[in-house]
Amino acid sequence: GAVVSQHPSRVICKSGTSVKIECRSLDFQATTMFWYRQFPKQSLMLMATSNEGSKATYEQGVEKDKFLINHASLTLSTLTVTSAHPEDSSFYICSARGAQRGFAGELFFGEGSRLTVL
Amino acid sequence: AQSVTQLDSQVPVFEEAPVELRCNYSSSVSVYLFWYVQYPNQGLQLLLKYLSGSTLVKGINGFEAEFNKSQTSFHLRKPSVHISDTAEYFCAVQGIQGAQKLVFGQGTRLTINP
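These numbers were taken from a predicted model, which means no experiment stands behind them.

### Section: the state of the cysteines
Residue and element names in this part refer to chain A. Taken as a whole and judged by the stated rule, the model has two disulfides over all chains. Here cysteine 23 pairs with cysteine 94 through a disulfide, and the sulfurs are 2.0 Å apart. Looking along the S-S bond of the cysteine 23-cysteine 94 disulfide, the torsion reads about 75 degrees, which is the right-handed sense. With cysteine 23 in strand E3 (residues 19–25) and cysteine 94 in strand E9 (residues 90–97), the pair connects residues that are 71 residues apart, well separated along the chain. Given the relative accessible area of 0%, cysteine 94 is considered buried. Unpaired in terms of disulfides, cysteine 13 finds its nearest cysteine sulfur in cysteine 94, a separation of 18 Å. By relative accessible area, cysteine 13 is classed as buried at 9%.

### Regarding the layout of surface pockets
Estimated volume of the largest pocket: approximately 300 Å³. If you go around the largest pocket, you meet 16 residues; those closest to its centre are Leu44(A), Met45(A), Leu46(A), Val103(B) and Phe104(B). Of all elements in the fold, only strand E5 (44–51) of chain A together with strand E1 (2–5) and strand E11 (102–104) of chain B reach the threshold of two or more residues within the lining of the largest pocket. Grouping the amino acids of the lining of the largest pocket by side-chain chemistry returns nine nonpolar, five polar and two charged.

### Things to note about the sheet that holds strand E8 (residues 76–81) of chain A
Residues and elements named next belong to chain A. Read from one edge of the open sheet, four strands run E1-E3-E8-E7, paired in antiparallel fashion. Whereas interior strands pair on both sides, the edge strands pair on one side only; in this sheet they are strand E1 (4–7) and strand E7 (67–73). When the angles between neighbouring strand axes are averaged without regard to direction, this sheet yields 15 degrees. Where E3 lies against E8, six bridges are found, and the strand directions are antiparallel. Bridging across to E8, isoleucine 21 finds its partner in leucine 79.

Conventions used here
Residues numbered from 1 in each chain as written. Chains lettered and ligands numbered in written order. Predicted model: local features only at pLDDT ≥ 70, side-chain atom pairs only at ≥ 80, totals over all residues. Heavy atoms only, no water. Disulfide = S-S within 2.5 Å. Helix = DSSP H or I, 4+ residues; strand = E, 2+ residues; numbered from the N terminus. Buried < 20%, exposed > 50% of the residue type's maximum accessible area, 1.4 Å probe, protein only. 1 Å grid on protein atoms, 1.4 Å probe; cavity = no way out; pocket = protein on both sides within 12 Å on 5 of 7 lines; lining within 4 Å. Points joined across faces, edges and corners; volume = space filled by probe spheres on them. Nonpolar A, V, L, I, M, F, W, Y, C, P; charged D, E, K, R; others polar. Pairing = 2+ DSSP bridges. Axes fitted to C-alpha atoms, helices over the stretch in contact; angles between N-to-C directions.

By themselves these figures say nothing about function.
Put into structure tokens, the structure is as follows:
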């Protein structure tokens, strides 16, 4: 199946610093990418939807200035957690959709990135 | 908008026993339905999906699910579970039209006991 890669898989940072997480579609062009956040033992909550070349659409309650999303190319989207605080510690998962793989609506998920803010 | 309810947060089962994980959804439009599995500290792996056609869908690892439109359900089943099936299982729904966002249920933790 299609491969979506996230990097880094784990990151530990100090409070107040910014962290960037990359999401790449390795064998298809991702016209749309989604970013999810997952708290321990909970479900995935959609944070934002990004389309290549345009601004991301954020879900209600998600701070745009806190979680910067860039979808600069058809194979790469980045999530930057700015001025991270301990409450931002979570598991972040990206997913990608490409019309060329599977049916038009199918999503492929990355392996996830665990962020720990000290 | 769509919503998904997974009726059981935890399901303990003995090895080689059958299992059913329940999922009900709500939507004002036609939907696609999915089951994903998540192992600890990993992303999601697609088990199976219903797009159209036969209501009984077979997936990987011996799992299957049946779409019941009248009951708005998409329960996941496996006739005989293995220790390696221990994981978190998520049911998800996606509207066929519109934003096509994937909405997840709360998850069901399946624990297989020897």
